Amino acid sequence: MPHADAALGAGVEVAAPGRLHLGFLDPSASLGRRFGSLGLVVDGPETLVELRPAARDLDLADTPAAQAELPRARAHLETLREALRAHGAALPPLRLRLKAVLPAHAGLGSGTQLALAVGRAACQLAGVAWPAAELARRTGRGLRSGIGIAGFEHGGLLLDGGPQADGGPALPLARLELPAAWRIVLALDPRCRGLSGAAERAAIATLPPLPREAAAEICHEVLMRVLPGAAGAEFTPFAAGLTRMQRILGRHFAPAQPHGAYTSAAVGRLLDWVAVQGPAAVGQSSWGPTGFALLPSAEAAQAVVRGAADAGVLDPALDLRIVAARAHGAALRWLPPA
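These lines cover the structure that appears in this document, whether it is placed above or below.

Conventions and cut-offs
Residues numbered from 1 in each chain as written. Predicted model: local features only at pLDDT ≥ 70, side-chain atom pairs only at ≥ 80, totals over all residues. Heavy atoms only, no water. Pairing = 2+ DSSP bridges. Helix = DSSP H or I, 4+ residues; strand = E, 2+ residues; numbered from the N terminus. Axes fitted to C-alpha atoms, helices over the stretch in contact; angles between N-to-C directions. Contact = heavy atoms within 4.5 Å. Buried < 20%, exposed > 50% of the residue type's maximum accessible area, 1.4 Å probe, protein only. Phe/Tyr/Trp six-rings, centres within 6.5 Å; stacked < 30°, edge-to-face > 60°. Parallel < 35°, antiparallel > 145°, perpendicular 65-115°, else oblique. Left-handed = near helix turned anticlockwise from the far one by under 90°. Nonpolar A, V, L, I, M, F, W, Y, C, P; charged D, E, K, R; others polar.

Remarks on the sheet that holds strand β7 (residues 183-188)
Item 1. Overall, antiparallel pairing links the four strands, which are arranged β8-β9-β7-β10 in an open sheet. In this open sheet, the two strands that pair with only one neighbour each are β8 (281-284) and β10 (319-323). With strand direction ignored, the average angle separating the axes of adjacent strands in the sheet is 15°.
Item 2. Summarising the sheet, β7 and strand β9 (residues 291-295) pair through five bridges and their orientation is antiparallel. From the neighbouring strand, Ile 184 faces β9, where its bridge partner is Leu 294.
Item 3. Helix-sheet contacts for helix α9 (residues 265-275) involve β7, β8, β9 and β10, and the interaxial angle to β9 is about 20°.

With respect to the environment of Leu 314
Item 1. When you line up the elements, Leu 314 lands in the loop between α10 (298-311) and β10.
Item 2. Among the residues examined, Leu 314 registers a relative accessible area of 25% and is labelled partly exposed.
Item 3. For the pair Leu 314 and Leu 84, spaced 230 residues apart in sequence, the C-alpha separation works out to 49 Å.
Item 4. If we skip the residues at most four places from it in the chain, Leu 314 touches Leu 270, Val 305, Ala 308, Ala 309 and Leu 320.

Comments concerning the packing of aromatic side chains
Item 1. Using the criterion set out here, one finds five aromatic pairs in the structure.
Item 2. Ring centres of Trp 182 and Phe 235 lie 5.0 Å apart, and the angle between their planes is 85°; this geometry places the pair in the edge-to-face category. Of the two residues, Trp 182 is situated in the loop between β6 (172-176) and β7 and Phe 235 in helix α8 (residues 235-253); the sequence distance between them amounts to 53 residues.
Item 3. Taking the relative accessible area as the measure of exposure, Trp 182 reaches 7% and is therefore buried.
Item 4. With centroids separated by 6.4 Å and ring planes inclined at 40°, the aromatic side chains of Phe 235 and Phe 238 adopt a geometry described as tilted. A residue pair is termed a helical-turn pair when its members lie 3 or 4 positions apart in one helix, as Phe 235 and Phe 238 do in helix α8 at three residues. For the pair Phe 235 and Phe 238, a shared accessibility class is recorded, and that class is buried.
Item 5. What links up through ring pairs into an aromatic cluster is the set Trp 182, Phe 235 and Phe 238.

Structural notes on the packing of helix α4 (residues 132-139) against helix α5 (residues 147-154)
Item 1. Relative orientation of the contacting elements α4 and α5 amounts to 140°, with a least axis distance of 9 Å. Of the possible angle classes, the one that applies to α4 and α5 is oblique. Here α4 runs over α5; the crossing is right-handed. Counting all contacts with α4, which are made through Ala 132, Ala 133 and Ala 136, the residues of α5 involved are Ile 149, Phe 152 and Glu 153.
Item 2. Considering only residue class, the contact of α4 with α5 consists of five nonpolar, no polar and one charged.

Regarding unusual backbone geometry
Item 1. Each neighbour pair has its own omega, and for Gly 288 with Pro 289 the value is 5°, a cis peptide bond.
Item 2. Even without being a glycine, His 105 presents a positive backbone phi close to 55°.

Nothing here speaks to function; it is all geometry.
Here is the structure:
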């Protein structure tokens, strides 16, 4: 049965956090199993979806970026409406409002988080408790990485082992919380977009296989430096392992990106400078253009940003944000009747 508040005309709001895709373990299956992902959920940028029963279907957006995502959000909602109807849970006409969205094609998981946020809100109104993996399956998300799905549910630093043999979304293998003091400098370049859709598939198809030795080294870095560093609050091995992983993958994907290891030249210039200043984990999330630098404290993060500006390597067009890792997933709250 629908939630009692839904019967009274109340709405539901879902806030879905952004995530960093820190890299694939074996994108070419050179060791026998394809993909496998490491990722991190972050505080700050998020997608915010509101659904309310209404006299008729209506779509609203609070920002130009949200307006651009309305057709995709409505398509997800209609897909889920049909799935819920087949499940015996009808939805009334709904007012869909996008209050905020993650930047599209920026490496923060905007597509998956939008689909899951719409799906979770719709299920709440219908009184159905589908997990995020089922919502992803219904909306065609999580075909390569399970990080966005697990991040939506749980937050944290996440590891998966690639899609299942039957094509199902990748299952989480490990979840850790980063030390509370650690911080992430996000570098977003609004002038660039990462690859997606057909262009992404074509790029992956044209790349040579990642050698077995490189995939094995990535797996070793993750298992023996990144995860132990996070678990034991040992920043230096964590940062060294993650940066090494990013260097290997950056070289592999460089032929498909306009500026080598980075989609944005400005982000690459900034992070190359950060990498030589002291212990830091630097790299690009997915196809970018969002780059990241993990630092051991808020003070260290602020000092790096100031130092980059003083050194003249900080492009004023970049959107820099200092955020914490997020130890929980999406947040849901009921809203009173309008």
